[in-house]
Amino acid sequence: MRELALSDEILMKIEKPARYIGGEVNMVKKNPKNVDVRFAMCFPDVYDIGMSHLGIQIIYDLLNKREDIYCERVYSPWIDLDKIMREKNIPLFALESQEPVKNFDFLGITLQYEMCYTNILQVLDLSGVPFMSKERTEEDPIVIGGGPCAYNPEPIADFFDIFYMGEGETEYYHLIDLYKENKKKGGSRIDFLEMAATISCMYVPMFYDVSYHEDGTIKEMIPNNPNAQKIVKKDIVLDFDHVSYPDKPLVPFTKIVQDRCVLEIQRGCIRECRFCQAGSVYKPLREKSLETLKRIALTQLESTGQDEISLSSLSTSDYSKLQELIDFLMKECKKKNINISLPSLRIDAFSLEVMSKVQDVKKSSITFAPEAGTQRMRNVINKGLTEEDILNGAKQAFIGGWNKVKLYFMLGQPTETNEDVDGIMDLCEKIAELYYETVPKEERHGKCQITASTSFFVPKPFTPFQWASMCTADQFLDKAHRVNDKLKTLLNRKSIKYNWHESDISVLEGLLARGDRRLSKTILRVYEKGGIYDSWSECHDKNIWKEAIEETGVDLDFYITRERTDDEIFPWDFIDTGVTKSFLLREWHNAKDEKVTPNCRMQCSGCGATSFGGGVCFEDKN
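Predicted model only: the values in this text are computed from it and were never measured.

## With respect to the overall build of the protein
Then step 1. For the protein, the helix and strand inventory stands at 20 helices and 19 strands.
Then step 2. Relative to a compact globule of 622 residues, whose C-alpha radius of gyration would be 25 Å, the protein shows 25 Å and is just as compact.
Then step 3. Taken along its principal axes, the extent of the C-alpha atoms in the protein is 75 × 65 × 55 Å.
Then step 4. Within the protein, buried positions represent 57% of all 622 residues.
Then step 5. For the protein, the accessible surface area stands at approximately 26,000 Å², while carbon and sulfur atoms represent 49% of it.
Then step 6. Computed over 80 positive and 98 negative side-chain charges, the separation of the two mean positions in the protein equals 4 Å.

Spelled out as structure tokens, the structure:
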């Protein structure tokens, strides 16, 4: 029987002790003494968030399929336990064996959100691992990062030994085999990092030097080690139908954010939304076959006992066999009284018909993501959605029995005017009017309830908007207040609710999203001042960030409000995602000219993703 790292006394004091004891359904059990490599897979946020992440489940399953590897999990301790661990000098531990992370060969950290960067330092600190890669010894684990934020690793480059560019299913076995080979030869830590650097998708930051122009922009980035490659190329799964996928996903003992089976139906996206990083870096679109999805669905439901299954995709409506998959799931799930969740659907007649079948007992709210209030702005961002599409979708939803509508918008996008801002509430008013025009009084179930939410635009690497300027916190709030003031003038204002995000967190996200290596000092200073869980509004302290930014001499305007020139070298330009910089630049100018680019199935726009030799780029050529 495992001995827990935390005493009963401590577990009784803290919130949700089940976060820290492991032992969940389908947890992998191995004897750590009988494996060659121990890998701690970390999500730098609280367990409730981390356990909901599909990527961790995929890598956990992949690595544990090999008998010589034991992959265990670690999450950021919540603030109550964090304090106790520091007071009592308890090292951070993995859930499976309850042993200290410091004892592992690898510490893999998934990078999903920039505002979790201080939690990365928390994990290293509590593990007893030096913050800086250059200060680590042969006794420390190899710290490796991956995930969407790894596509600009530079603000946190000093804290990592390796970054993995691309999808984890392709090269982890190779990397671990090199580690075993180096260990067998008696090689050093640096020897292994040199071996890792020869893999085309691996980036070892210490093997590169960056120089800057007098104006602060990057002059060049040059490898300082012969094993390091000038360009690091993203690696992806081409045979998406036969790639490893968990048949027995972990089932938590405590409530988490998304407690359900997850069926990844495809990876990538055909849409060309100009603000969306995921749509760019996960290109090209690759689908799983219907038969594979049927098998995985049945196996997962059988092995977990979950009462809900969700389809995972950037744009579920674009899956070519969606109708057949839904028909199958409805038949199987009805037998077992299992709910089906369908996120990321485009609101059209087909999607509404599907949702109506799935929600035939109780109509929950229906979600639209227009992203902008005017057609001009939707053309700028290339949303591929007209006002007619939106209103027709709303009308069909109201006829179908829905009376709750959620609308998602973004404020502060490039070229946005006051008219575009006002257009958000104009659109909400039109949808509310449509409800009362469409649904006879005697058939209404109360008032129409429209909830409009706005996030603030953050330019991301590898998008056409990576050249764009970003609003200040005050400018963002002015826009949100303008939307709120407009709401008060509407005839149907009692049917409409408006929510907006915190602007200072969005600005910091923008700083870190497009930052360079010089920001590592700032992040470290924030952590030293007590910054942690910055993605949580109740924990985030904007004053700490303000002080750290001033103390480390960071010019916010340089990183945030400045529009980049066409020929500027970006911190992430050494990474090849398959989507070319020339394509993104062309799209940036198309945005400013309000030109619409068709989706990948309508017409190839020459983004560069054909270089991978598979996916949607070739589906009509088989």
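So, next bit.
## Brief notes about the pattern of salt bridges
Opposite charge on two side chains lets them pair, provided their charged atoms get close.
Then step 1. Scanning the model with the defined rule gives 54 salt bridges in all.
Then step 2. For Lys-180, the salt bridge is made with Asp-36, and the minimal N-O distance between the two is 3.1 Å. Remark: Asp-36 occurs in the loop between α1 (8-13) and β1 (37-43) and Lys-180 occurs in helix α6 (residues 172-185); sequence separation between them is 144 residues.
Then step 3. Judged by its relative accessible area of 41%, Asp-36 falls in the partly exposed class.
Then step 4. One continuous salt-bridge network, built from bridges that share partners, spans Asp-36, Arg-66, Asp-68, Asp-177 and Lys-180.

## A short note on helix α20 (residues 581-592)
Then step 1. With twelve residues, α20 should cover 16 Å at 1.5 Å per step; its first-to-last C-alpha distance of 17 Å lies within 8% of that length.
Then step 2. Every buried residue of α20 is listed here: Phe-583, Leu-584, Glu-587, Trp-588, Asn-590 and Ala-591. Seen along its axis, α20 keeps its buried residues to an arc of 165 degrees; they face one direction.
Then step 3. In this fold, the buried residues of α20 make contact with α8 (277-281) and α12 (375-381).
Then step 4. Looking at the residues trailing α20, positive phi occurs at Glu-594, about 60 degrees.

## Observations regarding the packing of helix α3 (residues 54-64) against α6
Then step 1. Here α3 crosses α6 at 50 degrees, and the two axes come no closer than 11 Å. On the basis of the axis angle, α3 is oblique to α6. Relative to α6, α3 is oriented so that their crossing is right-handed. Counted together, Ile-59, Leu-62 and Leu-63 of α3 and Tyr-172, Tyr-173 and Ile-176 of α6 form the full contact between these two elements.
Then step 2. A per-class count over the contact of α3 with α6 returns six nonpolar, no polar and no charged.

## Structural notes on the packing of aromatic side chains
Then step 1. In total, this model carries 26 aromatic pairs according to the counting rule given.
Then step 2. Between Phe-558 and Tyr-559, the aromatic rings sit 5.0 Å apart at their centres with planes inclined by 90 degrees, giving edge-to-face as the arrangement.
Then step 3. Given a relative accessible area of 15%, Phe-558 falls into the buried group.
Then step 4. Ring pairs connect the aromatic residues Phe-39, Phe-106, Tyr-164, Tyr-172, Tyr-179 and Phe-192, which therefore count as one cluster.
Then step 5. Directly above the ring of Tyr-60 sits Arg-73, whose terminal nitrogen or CZ lies 5.5 Å from the centroid.
Then step 6. Above the plane of the ring of Phe-240 lies Lys-288, whose end atom (NZ or CZ) is 4.0 Å from the centre.

## Let's talk about helix α18 (residues 542-551)
Then step 1. Among all positions in α18, only Ile-544, Trp-545, Ala-548 and Ile-549 are buried. Buried residues of α18, seen end-on, are gathered within an arc of 130 degrees and therefore sit on one face of the element. Pointing more than 90 degrees away from the buried face of α18 are the exposed residues Lys-542, Lys-546 and Glu-550.
Then step 2. On the buried face of α18, the contacting elements are α5 (117-127), α16 (503-513), α17 (520-528) and α19 (556-559).
Then step 3. For α18, the N-terminal capping position is held by Asp-541, with its side-chain oxygen 3.0 Å away from the main-chain nitrogen of Asn-543.
Then step 4. The first or second residue beyond α18 is Gly-553, which carries a positive phi of 70 degrees.

## Some remarks on the packing of α16 against α18
Then step 1. Remark: α16 packs on α18, axes separated minimally by 11 Å, with the N-to-C direction vectors making an angle of 40 degrees. Here α16 and α18 pass one another in a crossing that is left-handed. On the side of α16, the interface is formed by Asp-504, Leu-508, Leu-511 and Leu-512, while α18 contributes Lys-542, Trp-545 and Ile-549.
Then step 2. Tallied by class, the residues present in the contact of α16 with α18 amount to five nonpolar, no polar and two charged.

## So, the sheet that holds strand β17 (residues 449-456)
Then step 1. The strand order across the open sheet built from four strands is β15-β16-β17-β18, with neighbouring strands paired in parallel fashion. This sheet does not close on itself; its edge strands, each paired only once, are β15 (366-371) and β18 (496-500). This sheet shows a mean twist of 20 degrees between the axes of neighbouring strands, independent of strand direction.
Then step 2. Packed onto the sheet, helix α13 (residues 387-399) meets β15 and β16 (404-411) and runs at close to 175 degrees relative to β15.

## Focus on the state of the cysteines
Then step 1. For the coordinates displayed, the defined rule picks out zero disulfides.
Then step 2. No disulfide involves Cys-149; its nearest neighbouring cysteine sulfur is the one of Cys-116, lying 8.1 Å away.
Then step 3. For Cys-149, a relative accessible area of 6% puts it in the buried group.

## Topic: the nonpolar core
Then step 1. Ranked by size, the top nonpolar core spans 196 residues in total, and within it Phe-106, Leu-107, Phe-159, Ile-162, Leu-175, Phe-192 and Ile-309 carry the most contacts.
Then step 2. A total of nine residues in this core trace back to one element, the largest contributor, which is helix α14 (residues 418-438).
Then step 3. Once residues lying within four places of it in the same chain are set aside, the contact partners of Leu-175 are Phe-106, Ile-144, Ile-162, Phe-192, Ala-196, Ile-199 and Met-202.

## Let's talk about the pairing of strand β2 (residues 69-75)
Then step 1. Among the seven residues that make up β2, seven are buried, leaving the element largely enclosed by the rest of the structure.
Then step 2. By the alternation rule, side chains of β2 split into Ile-69, Cys-71, Arg-73 and Tyr-75 and Tyr-70, Glu-72 and Val-74, which are all buried.
Then step 3. In the sheet, β1 pairs with β2 via seven bridges, with the strands oriented parallel. When the bridges of β2 are listed, Phe-39 appears paired with Cys-71.

## Examining the pairing of strand β8 (residues 218-223)
Then step 1. Here strand β7 (residues 208-212) runs beside β8; their pairing, made up of five bridges, is antiparallel. Paired with Asp-209 across the two strands is Ile-222, which belongs to β8.
Then step 2. The turn joining β7 and β8, which pair antiparallel and follow one another in sequence, is formed by five residues; a positive phi near 95 degrees is taken by Gly-216.

## A closer look at the sheet that holds strand β3 (residues 106-110)
Then step 1. Read from one edge to the other, the open sheet built from six strands follows the order β2-β1-β3-β4-β5-β6, with strand pairing classed as mixed. At either end of the open sheet lies a strand with only one pairing partner, and these are β2 and β6 (202-203).
Then step 2. Pairing of β3 with strand β4 (residues 142-146) involves five bridges; the strand directions are parallel. Bridged to Phe-106 within β4 is Ile-142.
Then step 3. Against the sheet, α3 contacts β1, β2 and β3, and its axis sits at roughly 155 degrees relative to β2.
Then step 4. Sheet contacts for helix α7 (residues 189-197): β3, β4, β5 (162-164) and β6; angle to β4, the most-contacted strand, approximately 25 degrees.

Here is what the cut-offs are and how they apply
Residues numbered from 1 in each chain as written. Predicted model: local features only at pLDDT ≥ 70, side-chain atom pairs only at ≥ 80, totals over all residues. Heavy atoms only, no water. Helix = DSSP H or I, 4+ residues; strand = E, 2+ residues; numbered from the N terminus. Rg over C-alpha atoms; globule rule 2.2 N^0.38 Å. Buried < 20%, exposed > 50% of the residue type's maximum accessible area, 1.4 Å probe, protein only. Areas by Shrake-Rupley, 256 points an atom, 1.4 Å probe, with all protein chains shown as cover. Lys, Arg positive; Asp, Glu negative; His and termini not counted. Charge placed at Lys NZ, Arg CZ, Asp CG, Glu CD. Salt bridge = Lys/Arg side-chain N within 4 Å of Asp/Glu carboxyl O. Expected span 1.5 Å × (residues − 1). Arc of directions from axis to C-beta. Contact = heavy atoms within 4.5 Å. Axes fitted to C-alpha atoms, helices over the stretch in contact; angles between N-to-C directions. Parallel < 35°, antiparallel > 145°, perpendicular 65-115°, else oblique. Left-handed = near helix turned anticlockwise from the far one by under 90°. Nonpolar A, V, L, I, M, F, W, Y, C, P; charged D, E, K, R; others polar. Phe/Tyr/Trp six-rings, centres within 6.5 Å; stacked < 30°, edge-to-face > 60°. Lys NZ or Arg CZ within 6 Å of the ring centre and 35° of its normal. Polar contact = N/O pair within 3.5 Å; in protein donor to acceptor, adjacent residues only side chain to side chain. Pairing = 2+ DSSP bridges. Disulfide = S-S within 2.5 Å. Core = buried A, V, L, I, M, F, W, Y, C linked by side-chain atoms within 4.5 Å.

Honestly, it's all geometry; don't read function into it.
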